[in-house]
Structures are given as structure tokens and as C-alpha cells.
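Here is how the chains run, residue by residue.
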Amino acid sequence: MHWTSSGDKSSSRQYGFREQTGAVEAISGALNIVQSAKAERKQVLAISLDIRAAFDNAWWPALFHRLRQIGCPKNIYGLISNYVRDRKVIFDHAGIRVCRNMTKGCIQGSVCGPVLWNTILDELLETQLPTGCHIQAYADDVLLIVSAERVEQLETLATDALKSVVEWGRSVKLDFGPAKTQMIAFTPGSKAARVVMDGQLLKFSSEIKLLGVILDQKLHFGRHVRYVLGKAMKIFDKLCIYTRPTWGAHPENVRTIYQRVIQPIITYAAGIWGHAVKKKCIQKSLLSVQRGFAIKAIRGFRTISTTAAIALAQFTPLDLAIHEVHVVEQTKLTGKTAYLPHDVDLEKPTPVAELLHPANRVSMKILDTQDKQDPENTTGPPICCIFTDGSKQEDGSVGAAFVSYVPENINTRMKNTTKKYKLHNSCSVFQAELFAILKACQWATSHDTQHTHLYTHIYTDSQSSAHAIQNRSNTHPIVTQIHKIIHTHRNTHTIDMSWTRAHVGTEGNEAADAAANGAARLHKTPDYTCFPMSFVKQRVRAESLEAWQERYEGSEQGRHTKLLLPKLSDIKELHKHIDRSFHLTQILTGHGYHKSYLHRFKILPDDLCPCDDSSPQTIDHLLQSCDIFAGSRYEHEALCRHYGVQPYTIQDLLKKKEAIESFDNFCKTIINNLKKINTN
């Protein structure tokens, strides 16, 4: 895998089975070509090609032909040759055994099977096609995009390109089936093109499915939204069988199903189509589907408003959740973000081809020890002790530093060297910690100590940094630089690392901490300016929460809920102490068994409470003045007086765990008895 990823041995047009690429990159790359052609006023179409039983028919002679073609080393060639040799298929039936030698197929479930498939298909992706033709693949899903000035040229180019594809397939015993091949026109004129594949005229489709995303002719993605919502509703219909307000799946299980299954289905590849949620009609459809899951998650009545249900379920409105994914995936694609100046880039992982060869990768043992904490008490060979630290201040400024103790000779005191570095304010503490270790390694390997055998011991108080460095195949750009330094100087400098506890009085660690805090306050050009993906996720998440809060406060719906819980943060705090339940949802929404609600929907002839036959039986009446529940009310109010909190103000009740639990028990008592009281 390492060898095929280096140089030009693998095609950049294969997005499947490769690290650091995925479906979003594949779709984005294809759509960029389509949109560029449309911007140049060209006719453009796309053809999704189907390979019959692709992996089962991967022909081994074609694999070895390709390996020889790209100059595969003898040892790897021999390894793969031995891997496929003497494989047999044995079929036993009715006392008869049939045995056949295998000559094709990427072994199902194997580690190297995907690499072998990519090696075969790369030959097609590197085939010289006519100008205006682009071919790419995701595993065995092959896409051909053709553009031309005129429809006549488009026909010729597409037909010639398909002829080359089919001929290549036959040469390696892979069959491209016209029956399952889909073609879509992205410009009105291109619909007139007559494209022939293997003697059959291809028909245009109004839409095609590419890696799970429905592409329509105008790239509006409305059809894709309906498609994913349809998938979600099929699951919802099944969920309704097992969930009712008073019984069924636990509310937390419903929330888990929504957050781990439904939302990922809907937001899949939102980096491509997420801009479509700006349309009001799409927002309405999204919230309609989300409302159903939210009501199930809070065990509420179906009459509860969308705003109240989604807020109490602690769901982010789907259009905002899709926007979050869209921003994050677009940042990954472009390496830029609107939150920062254009000259600040995303910290991207090191390409696999640039990692050390697997045989040379560094396996470091990070010790969790308090030994060698005092540089002056060090015995044995001369040791350079370096303490590193990173810091992020409340104002967002970030700094990194290290303090080194280098012996001038074995018998004299060590001198103190401090280095400070400024990082961009978007950087994280994790980056700062790693950057300090990197600079310590660079300093240790370049410092002239006048000692032939100098051992360097680096101490860090960041466990996350230590674990990252321990991962020999980590692709974090700072970690890979550290690995290369340690490997390069493996024979000349021995670098060891230890994790040390922070703020326990260790002199070197305290000095590094103070230096890092000072580095964050430096007024200078940052030494490191790449922002982490976490920065964008935090910013877009904060924006979504703010927009959701504004929408919650400004909505005409859910007035009763907003009166009790005016802030979304109040709901979050409430459910830290109290689980969602049927009785609590009735109290918080005003939709329940009380007579005011039942009379509103013409279920009961009046809304008067049996306690005095004159007061409307509302939630407030039941909680604060109904004589039927006077005993339970007295106990609750007495406990609240003891703790000095308001008995019916949830924000105040949340100050004491006992008080909010008492309120929940009081609500449960009311709801459990209410149906019987009203029936009598």
C-alpha cells in the first residue's frame, strides 16, 4: 500500500480504497468539472458505468501485467504472486466434490484485496481518452464526464470514449453492461446527443445516483432531499410500531437512533448539496420529518408543536445540522474557512506517500514516570532534559515553549535555555503541545553540546500528544515531522520521551508552563498559522446554537414550553438531572390529560377542575392551587423553602438537585392520578 501510494504508481482519479479521500471528494471533483464546462457554455453529460460482478471478476493476469507496467519491485511482486497461487474453490453437494483453480477475484474481506483491485482499474483511469473526456472511479463505480462545444462533437467524443472503455474491459475480462449504465445531461442541448455503447443506444435519465447522492439535471438537489427523507421515514414507520407515549423504547434509545442513524443518513455528503437547505420548502420538509422523531424521543402527544418537540428532545433543527456538515466538509475540500483570513490554511494530514517507509516508522515508548525529574540528579551518560508545554489563554492567544537543561560537562551545573513560540489564535492547545515537542526535537538534534554521546529526554504533560507520537502511522503534520527527526537522528542522538504530571511542583515543568503563557502574549508574527478542523467545528456549532436560540425565542409555537424554559441551555441543564418522561413532557408542553387540553380538542364537554368545579384545569392550576394535590404540593414547597428556591421556577429549581427531583416526583404524582380523577 505504501509503495503504490508513492510516486505515480496509483491514479489520483481513484477515490475509493485510498486514505484521505472519500465519496465527498469524488462527487466534488466530478461536479467541479461539470460546472466548469457549463461556465464555458459547453454541452456536458455524465455516464455512470456499471461493471458486472467487478470484484469477483478481477483477473489476476491483468493484475500482474499492471504491476510489471508500473515497475513493481521483485519482492512485492513475488509476495502478491505467492498470495494468489494455489487458491481453489471446492463445492460439495450430494456426495460429489467439484474443485476448480481460481484465476480471478479480489478475496472478500482481505486487507490487500482493495489495493489489488485499484491496481487493475488504475490502467483504465490512466487510459488516454479524447480531449474533453474525464474518467474517475470510486472503487468499482466508474464515472465518465464528456464536454464539447457542439452536440455533434459531444456524440463523437462520448461514443469514442465508451469504445475505449469497453475494449479495455474486454482485455482484462471485465464486462461493462449498457443495461445498467446511466446517462444524464447537465445542459439542455446535450439531451439531443445520441451516444452508443457496445452497439446499444444509451437513454438519458432525469437523475442518476452517484455514491449515494441523487444528481438532477440542474443540480438543485431537491430530489436528493426527498430521497433521504424517504429513507428516514421508512425507519420512523418501523419505530412507531415499538414506541408509544406510555410504553415502548426508552426515550434515550430513540434519541440514540435519531442521532446515530437518522441524522447521519440525512446529512450524508452535505458538503455537496447542503446549500439547498436555504430554500424554505426544503426546510419545512426537514423539520416535518424531524418533528416525528422528536415527539417519540420525549414521549409526547402528536399535537405538540415542532419548536417545542425539537427543543425538548435537544435536537438541532435539521437545516442547521446540515449547514454545519456543509461548512465542515467544504473546509476540508478547500482548505480555507470564512472565519479566518484567506492566508491562513487548514492543517491537513500528511499525504500517505510522504510518511516514512513502514519499516522505518518510529515506535516510541512514552514512559509514565516521575524519574529523572531533577536534571541535576541525573546519573549515567550526559542527558539533555527538555520540558515542553503549550498554552491557550482566555483571549484566544496561543503559545508554545520548551526549557532545556544541558550539561556543559558531566560535573558542572546545567544551564537553562528557554525558547518561546507564538501560534495563530485559531490553533488549539494540542497543536501548541506538539509544536513545543517538535521544536525541542529540532533544537536537540542541532545543538552543539561538545559531547559525542548526548541523550535527550523530553518531558511533556500532554497525554494526548504522547499518544499521538506513539502512533507510528499518525498523519498529523507535526507528529510526522517529529517521527522523521527521531528516525533521522536515531544513530547520532537518542531521544526518549516521558509524560509528567502537570502542576505538581516539578521545576522544569513549571518553567515550561510559565514560558508557554509568556509566549502566548508575544506581539509577533505567529510561528505556526495552520488552523485545526476543530476550530471550524466549534465556530459553526456556536453559530448554529445561536441561530437555534433566536429561532426558539422568536417562534409563535411552544409558548408554554418557552415560559417554563426560556433558554435552550435550561433544557440541557434540566435533562442532566431528570430523564425525559411521559409525565414531565405533559407538564413542559401543556399537552396532556388535563381537562383544558381535552376540552380544547372537543374530547370533554368542559375544562373545569373537579376540585371546585369552577377553576379551569390547567397545568398551572394543577401545580400551584388544585386542592386534590395539596398534600404532595405541601411536601414539595416545604423542601424548596428549605433550600431557598422557587418551587415552580425551573431555572431556580435547577440550583439544587433535590429540588428539581422533588418537582419531577410532584409532576409524576399529578399525571399518574389525573386520568382517574377526571374520569370519576
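Attention in this report is confined to the structure presented alongside it.

Parameters and conventions
Residues numbered from 1 in each chain as written. Predicted model: local features only at pLDDT ≥ 70, side-chain atom pairs only at ≥ 80, totals over all residues. Heavy atoms only, no water. Helix = DSSP H or I, 4+ residues; strand = E, 2+ residues; numbered from the N terminus. Rg over C-alpha atoms; globule rule 2.2 N^0.38 Å. Contact = heavy atoms within 4.5 Å. Areas by Shrake-Rupley, 256 points an atom, 1.4 Å probe, with all protein chains shown as cover. Lys, Arg positive; Asp, Glu negative; His and termini not counted. Charge placed at Lys NZ, Arg CZ, Asp CG, Glu CD. Phe/Tyr/Trp six-rings, centres within 6.5 Å; stacked < 30°, edge-to-face > 60°. Buried < 20%, exposed > 50% of the residue type's maximum accessible area, 1.4 Å probe, protein only. Lys NZ or Arg CZ within 6 Å of the ring centre and 35° of its normal. Pairing = 2+ DSSP bridges. Axes fitted to C-alpha atoms, helices over the stretch in contact; angles between N-to-C directions. Salt bridge = Lys/Arg side-chain N within 4 Å of Asp/Glu carboxyl O. Core = buried A, V, L, I, M, F, W, Y, C linked by side-chain atoms within 4.5 Å. Disulfide = S-S within 2.5 Å. Parallel < 35°, antiparallel > 145°, perpendicular 65-115°, else oblique. Left-handed = near helix turned anticlockwise from the far one by under 90°. Expected span 1.5 Å × (residues − 1). Patch = residues over 30% accessible without salt bridge, like charges linked within 9 Å, V, L, I, M, F, W, Y side chains within 5 Å. Polar contact = N/O pair within 3.5 Å; in protein donor to acceptor, adjacent residues only side chain to side chain.

Regarding the overall build of the chain
Regarding its fold elements, the chain presents 25 helices and 16 strands. For the chain, the C-alpha radius of gyration of 33 Å lies well beyond 26 Å, the compact-globule estimate for 680 residues. By its C-alpha atoms, the chain is 95 × 90 × 65 Å across when sized along the principal axes. Taking as baseline every contact in the chain between residues at least 6 positions apart, the subset at least 24 positions apart corresponds to 69%. Taken as a whole, the chain presents about 33,400 Å² of accessible surface, with 50% of it coming from carbon and sulfur. The chain carries 82 positive and 67 negative side-chain charges, and their two centres are separated by 7 Å.

Quick look at the packing of aromatic side chains
This structure, assessed with the given rule, holds 19 aromatic pairs. Aromatic pair phenylalanine 17 and phenylalanine 55: ring centres 6.0 Å apart, planes at 65°, arrangement edge-to-face. Taken together, the residues span a long stretch of sequence, with phenylalanine 17 in the loop between helix H1 (2–5) and helix H2 (23–39) and phenylalanine 55 in the loop between strand S1 (43–49) and helix H3 (60–69) at a distance of 38 residues. When its relative accessible area of 41% is taken as the criterion, phenylalanine 17 is described as partly exposed. Ring pairing ties together the aromatic residues Phe301, Phe582, Tyr593, Tyr597 and Phe601, which thus form one cluster. Lysine 173 extends its terminal NZ or CZ atom over the ring of tryptophan 59, reaching a point 4.9 Å from the ring centre.

Focus on the sheet that holds strand S4 (residues 133–138)
Read from one edge of the open sheet, four strands run S4-S5-S1-S6, paired in antiparallel fashion. The open sheet has two edge strands, S4 and strand S6 (182–185), and neither has a second partner. Within this sheet the neighbouring strands show an average axis-to-axis angle of 15°, counted without direction. Direction of pairing for S4 relative to strand S5 (residues 141–148): antiparallel, over a ladder of six bridges. Bridge pairing in S5 places alanine 137 opposite valine 142. Each of S1, S4 and S5 touches H2; the most contacted strand, S4, lies at about 165° to it. The sheet contacts of helix H6 (residues 151–171) involve S1, S4 and S5, and relative to S5 the element is tilted by about 150°.

Thoughts on the pattern of salt bridges
Across all of its chains, the model carries 16 salt bridges by this definition. Across the pair arginine 580 and glutamate 252 runs a salt bridge, and its minimum N-O distance is 2.7 Å. One end of the pair, arginine 580, is in the loop between helix H19 (568–577) and helix H20 (582–589); the other, glutamate 252, is in helix H8 (residues 251–267), with 328 residues separating them in the sequence. Residue class for glutamate 252 comes out partly exposed when judged on its relative accessible area of 28%. A single network of salt bridges, built from pairs that share partners, joins Glu252, Arg255 and Arg580.

Points about the nonpolar core
Phe221, Ile266, Leu286, Leu565, Leu623, Ile650 and Phe663 are the most contacted members of the largest nonpolar core, which totals 95 residues. Core analysis: the second largest hydrophobic core is formed by 48 residues, Leu49, Ala54, Val84 and Leu129 among them.

Here's the deal with the environment of alanine 30
Looking at where alanine 30 falls in the secondary structure, it is placed in helix H2. For the pair alanine 30 and histidine 65, spaced 35 residues apart in sequence, the C-alpha to C-alpha distance is 29 Å. Those residues in contact with alanine 30, other than ones at most four positions away along the chain, are Gln136, Leu143 and Ile145.

A look at the state of the cysteines
If you walk through the whole model with that rule in mind, you get zero disulfides. No disulfide involves cysteine 667; its sulfur sits 11 Å from the nearest other cysteine sulfur, which is in cysteine 640. Exposure remark for cysteine 667: the relative accessible area of 0% places this residue in the buried category.

Considerations on the packing of helix H13 (residues 429–446) against helix H14 (residues 463–470)
In helix packing, the relevant descriptors are the interaxial angle and the interaxial distance, both defined with respect to the helix axes. Contact geometry of H13 with H14 gives a least axis separation of 9 Å together with a crossing angle of 60°. Classed by the angle they form, the pair H13 and H14 counts as oblique. For H13 against H14, the interelement crossing comes out right-handed. The residues of H14 that touch H13, namely those facing Phe430, Glu433, Leu434 and Ile437, are Ser464, Ser465, Ala468 and Ile469.

Re unusual backbone geometry
One non-glycine residue, alanine 94, lies in the positive phi region at around 55°. Positionally, alanine 94 belongs in the loop between strand S2 (88–93) and strand S3 (96–101). With a phi close to 55°, arginine 299 is a non-glycine residue in the positive phi region. Along the polypeptide, arginine 299 turns up in the loop between helix H10 (280–298) and helix H11 (306–312).

Re the pairing of S2
Bridging between S2 and S3 involves six bridges; their strand directions are antiparallel. Within S3, the residue paired with valine 89 across the bridge is arginine 100. The turn linking S2 back onto S3 is made up of two residues, and alanine 94 within it adopts a positive phi angle of 55°.

Observations regarding the environment of threonine 119
Relative to the helices and strands, threonine 119 is located in helix H5 (residues 113–125). By relative accessible area, threonine 119 is classed as buried at 7%. For the pair formed by threonine 119 and alanine 321, sequence separation is 202 residues and the distance between their alpha carbons is 38 Å.

Thoughts on helix H7 (residues 222–242)
Taking 1.5 Å of rise per residue, the 21 residues of H7 would be expected to cover 30 Å, and the 31 Å separating its terminal C-alpha atoms lies within 8% of that figure. Here the buried face of H7 lies against strand S10 (213–216), H8, helix H9 (270–273) and H10.

Description of a nonpolar patch on the surface
Among the surface-exposed residues, Phe91, Ile96 and Val98 lie close enough to one another that they form a single nonpolar patch of about 290 Å² accessible area. Looking at where valine 98 falls in the secondary structure, it is placed in strand S3. You can call valine 98 partly exposed: its relative accessible area is 35%.

Considerations on the side chain of serine 498
Position of serine 498 among the secondary structure elements: in strand S16 (residues 494–499). Serine 498 gets classed as buried once you look at its relative accessible area, which sits at 0%. Side-chain polar atoms of serine 498 contact the side chain of histidine 457, separated by 2.6 Å.

Here we look at H2
Taking 1.5 Å per residue as the helical rise, H2 with its 17 residues ought to reach 24 Å, and the 24 Å between its terminal C-alpha atoms agrees with that figure. Within the sequence span of H2, burial applies to Ala23, Val24, Ala26, Ile27, Ser28, Gly29, Ala30, Leu31, Val34 and Ala37. Of the residues one or two after H2, arginine 41 is the one with positive phi, at around 60°.

Overview of the environment of cysteine 133
Note that cysteine 133 resides in strand S4. Considering only alpha carbons, one finds cysteine 133 and leucine 157, 24 residues apart in sequence, at a separation of 7.2 Å. Excluding residues within four positions of it along the chain, cysteine 133 makes contact with Leu144, Ile145, Val146, Leu157 and Ala161.

Functional significance is not addressed by these values, which are geometric in nature.
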